[in-house]
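Here is what each chain is made of, one letter per residue.
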Amino acid sequence: MRYLVTARVKTGQEAQLREAIDGGTLGRGSIAGDEYLRNMHAARLQDDGRVQWIEVCYCPTPLQEERDYWEEYFTLDKVQDAHARSRCRDLTGEEPWACGDCDCSQKLEARLAARGRAFLK
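This one's a predicted model, so the numbers in the text were calculated from it and none came from an experiment.

Visitor: I'd like a description of the pattern of salt bridges, backed by residues and values.
Guide: Scanning all chains against the criterion turns up 8 salt bridges. The salt bridge involving Arg38 is made with Glu35; its shortest N-O contact spans 2.7 Å. Linking Arg38 with Glu35, this pair stays in helix 2 (residues 35-42), spanning 3 residues, or about one helical turn. You can call Arg38 partly exposed: its relative accessible area is 35%. Between Arg85 and Asp81 there is a salt bridge, with the nearest N and O atoms lying 2.8 Å from each other. According to the relative accessible area criterion, Arg85 is partly exposed, its value standing at 34%. The exposure class assigned to Asp81 is partly exposed, which follows from its relative accessible area of 33%.

Visitor: Break down the packing of aromatic side chains for me, citing the residues and quoting the values.
Guide: If you walk through the whole model with that rule in mind, you get 7 aromatic pairs. On the basis of an interplanar angle of 70 degrees and a centroid distance of 5.7 Å, the ring pair of Trp70 and Phe74 is categorised as edge-to-face. Side by side, Trp70 and Phe74 carry an identical accessibility label, which is buried. Centre to centre, the rings of Phe74 and Phe119 are 6.2 Å apart; their planes meet at 45 degrees, and the pair counts as tilted. Highlighted residues: Phe74 in strand 4 (residues 74-81) and Phe119 in the segment after strand 5 (117-118), separated in sequence by 45 residues.

Visitor: How would you sum up helix 1 (residues 14-22)? Please name residues and give values.
Guide: Taken residue by residue, helix 1 has Leu17, Ala20 and Ile21 as its buried positions. Here the buried residues of helix 1 occupy an arc of 100 degrees about the axis, which is enough to place them on one side. Across helix 1 from its buried face, at more than 90 degrees, point the exposed residues Ala15, Glu19 and Asp22. Residues of helix 1 that are buried sit in contact with strand 1 (2-9), helix 2 and strand 4. Directly after helix 1, the chain includes Gly24, whose backbone phi takes a positive value near 70 degrees.

Visitor: I'd love a proper account of the nonpolar core, names of residues and values included.
Guide: Of all hydrophobic cores here, the largest spans 27 residues; its most connected members are Ile21, Leu26, Met40, Trp53, Trp70, Phe74 and Phe119. Those elements that place two or more of their residues in this core are strand 1, helix 1, helix 2, strand 3 (51-56) and strand 4. With residues up to four places along the chain from it excluded, the contact list for Trp53 reads Tyr3, Leu4, Val5, Ala7, Asn39, Met40, Ala43, Trp70, Phe74 and Leu112.

Visitor: Tell me what's going on with a positive patch on the surface, and back it up with residues and numbers.
Guide: A surface patch of positive charge is lined by Arg87, Lys107, Arg111 and Arg115. Within the secondary structure, Lys107 sits in helix 5 (residues 106-113). Note on Lys107: relative accessible area 68%, which makes it exposed.

Conventions adopted
- Residues numbered from 1 in each chain as written.
- Predicted model: local features only at pLDDT ≥ 70, side-chain atom pairs only at ≥ 80, totals over all residues.
- Heavy atoms only, no water.
- Salt bridge = Lys/Arg side-chain N within 4 Å of Asp/Glu carboxyl O.
- Helix = DSSP H or I, 4+ residues; strand = E, 2+ residues; numbered from the N terminus.
- Buried < 20%, exposed > 50% of the residue type's maximum accessible area, 1.4 Å probe, protein only.
- Phe/Tyr/Trp six-rings, centres within 6.5 Å; stacked < 30°, edge-to-face > 60°.
- Arc of directions from axis to C-beta.
- Contact = heavy atoms within 4.5 Å.
- Core = buried A, V, L, I, M, F, W, Y, C linked by side-chain atoms within 4.5 Å.
- Patch = residues over 30% accessible without salt bridge, like charges linked within 9 Å, V, L, I, M, F, W, Y side chains within 5 Å.
- Areas by Shrake-Rupley, 256 points an atom, 1.4 Å probe, with all protein chains shown as cover.
- Lys, Arg positive; Asp, Glu negative; His and termini not counted.
- Charge placed at Lys NZ, Arg CZ, Asp CG, Glu CD.

Okay, structure coming up:
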């Protein structure tokens, strides 16, 4: 499934987050692998300080695996479905692991890319 994540960087964690991104260690040890770095490269910083990105997650609970890694640096404001669950080929069992190459959130990602500015400069 794909989720739209809205979060805020925790006060005092900006430098540590940047270091983890630059050093490629963000999410190290997680089964999600490089997904964390991909998320940060696609993330958008909104004018009100919120950061938004689309997260691919195969856990039965949204961000079950990723939450601890994100919450080290972010306060998660909202995690919501990025598209209709009924059309998720992985979730319905039609095509396991489909979310990795799926374009189901392409329109949302395009709208997100047009708002705010890139999180990483």
